[in-house]
Every structure is written in structure tokens, then in C-alpha cells.
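Spelled out, the chains give:
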Amino acid sequence: MSDSMAEQLRQDMECEGLLECFHGLKELDKECYRALVGAEEPLTVDEIAEAVDRERSTAYRAVQRLLQTGFIGKDQINYDQGGYYHVYSPTDPSQITDDMQRMLNDWYAKMGQLIQEFENKYQSETSAPAAES
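Scope of this entry: the structure provided in the associated data block.

Cut-offs used in this document
- Residues numbered from 1 in each chain as written.
- Predicted model: local features only at pLDDT ≥ 70, side-chain atom pairs only at ≥ 80, totals over all residues.
- Heavy atoms only, no water.
- Helix = DSSP H or I, 4+ residues; strand = E, 2+ residues; numbered from the N terminus.
- Contact = heavy atoms within 4.5 Å.
- Areas by Shrake-Rupley, 256 points an atom, 1.4 Å probe, with all protein chains shown as cover.
- Expected span 1.5 Å × (residues − 1).
- Buried < 20%, exposed > 50% of the residue type's maximum accessible area, 1.4 Å probe, protein only.
- Phe/Tyr/Trp six-rings, centres within 6.5 Å; stacked < 30°, edge-to-face > 60°.
- Core = buried A, V, L, I, M, F, W, Y, C linked by side-chain atoms within 4.5 Å.
- Patch = residues over 30% accessible without salt bridge, like charges linked within 9 Å, V, L, I, M, F, W, Y side chains within 5 Å.
- Salt bridge = Lys/Arg side-chain N within 4 Å of Asp/Glu carboxyl O.

### Points about the overall build of the protein
Next up, step 1: The helix and strand inventory of the protein stands at five helices and two strands.
Next up, step 2: From first element to last, N terminus to C terminus, the protein shows the α and β order α-α-α-α-β-β-α.
Next up, step 3: By sequence separation, contacts in the protein at least 24 residues apart represent 48% of the contacts at least 6 residues apart.
Next up, step 4: With the model as given, the accessible surface of the protein reaches about 9,800 Å², and the carbon-plus-sulfur share is 51%.

### Re helix 2 (residues 27-38)
Next up, step 1: Counted at 1.5 Å a residue, the expected span for helix 2 with its 12 residues is 16 Å, and the 16 Å between its end C-alpha atoms agrees.
Next up, step 2: Those residues of helix 2 lying buried are Leu28, Asp29, Lys30, Cys32, Tyr33, Ala35 and Leu36.

### Quick notes on the packing of aromatic side chains
Next up, step 1: Tallied over the full model, the rule gives three aromatic pairs.
Next up, step 2: Ring centres of Tyr79 and Tyr85 lie 5.2 Å apart, and the angle between their planes is 40°; this geometry places the pair in the tilted category.

### Things to note about the nonpolar core
Next up, step 1: Within the largest apolar cluster, 20 residues are counted, with the highest numbers of intra-cluster contacts made by Cys32, Ile48, Leu66, Phe71, Ile72 and Tyr88.
Next up, step 2: Within the residue set of this core, elements represented by two or more residues are helix 2, helix 3 (45-52), helix 4 (56-69) and helix 5 (93-127).
Next up, step 3: With five residues, helix 2 is the single largest residue contributor to this core.

### Observations regarding a nonpolar patch on the surface
Next up, step 1: Together, Leu104, Trp107 and Tyr108 give the surface a local cluster of nonpolar side chains, amounting to about 380 Å² of exposed area.
Next up, step 2: Summarising the element assignment, Leu104 is placed in helix 5.
Next up, step 3: For Leu104, a relative accessible area of 38% corresponds to the partly exposed category.

Everything listed here is a matter of coordinates, which is why it stays silent on function.
Here it is, written out as C-alpha cells:
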């Protein structure tokens, strides 16, 4: 393996680790997402299940997690005779990165607030004079 391929693999692993960290995605979720990204057109749950070699119900749960995180979108296709089915496609990566950046900013602000609360609480306790017995 060339150095550039190894570097790309390392970056891909870190990127996917980020997805796990931010959204708690499982390996199957990532496989389903990759199947959708690699598809030329939106896929049904049955097609996703076939692409990742899993049962339909297992793939459906992964698709639901991807929908909840906003990584994929769902469209309804209507039959001419009545009835419909759903197809799924990946969300625009720039929208996903915007959402992750927003989550990171929110987390950073919350951590700053908690650190300040910690400092305020324990600063006042350690700077207070000790009570005499």
C-alpha cells in the first residue's frame, strides 16, 4: 500500500469515527450510508438490504437511524394504480457538515459554561477562610 493510500485510509477512518462520535452511528449504518452514496439513484430499503447483505428489517433500522440524524432523505414514489413506496438518498454533505459544526459549537459553549460554573463554585469554596474549631 502506498503512503498516499495509507494516509487516505487513515483520514477515512478518522472521518467515520467522527460520525460515530457525533451521531452514535453503528457500522451497519455506515455501510448503508456508503451504499446510498455509491448508488446512481435513490434506493428502497430492500435494495439497501441487498447491498449490505442483511435482512430487510435490520437494514430498515439502520435507515431509520440515518434518517433521524439527517444523513439521508426519504421520498415517496406513487404508483399510477394507487399505493406508494419510499426511496432513500444521501443528504448533501455540506448540510451534514453544517449540522455537525452547529453541534460542535453548541457542545463547546456548554462545556465553557460548565467550566465557568466549576470555577465559580470551587473558587469561592477554596478562597473562603477556614472556620476555626
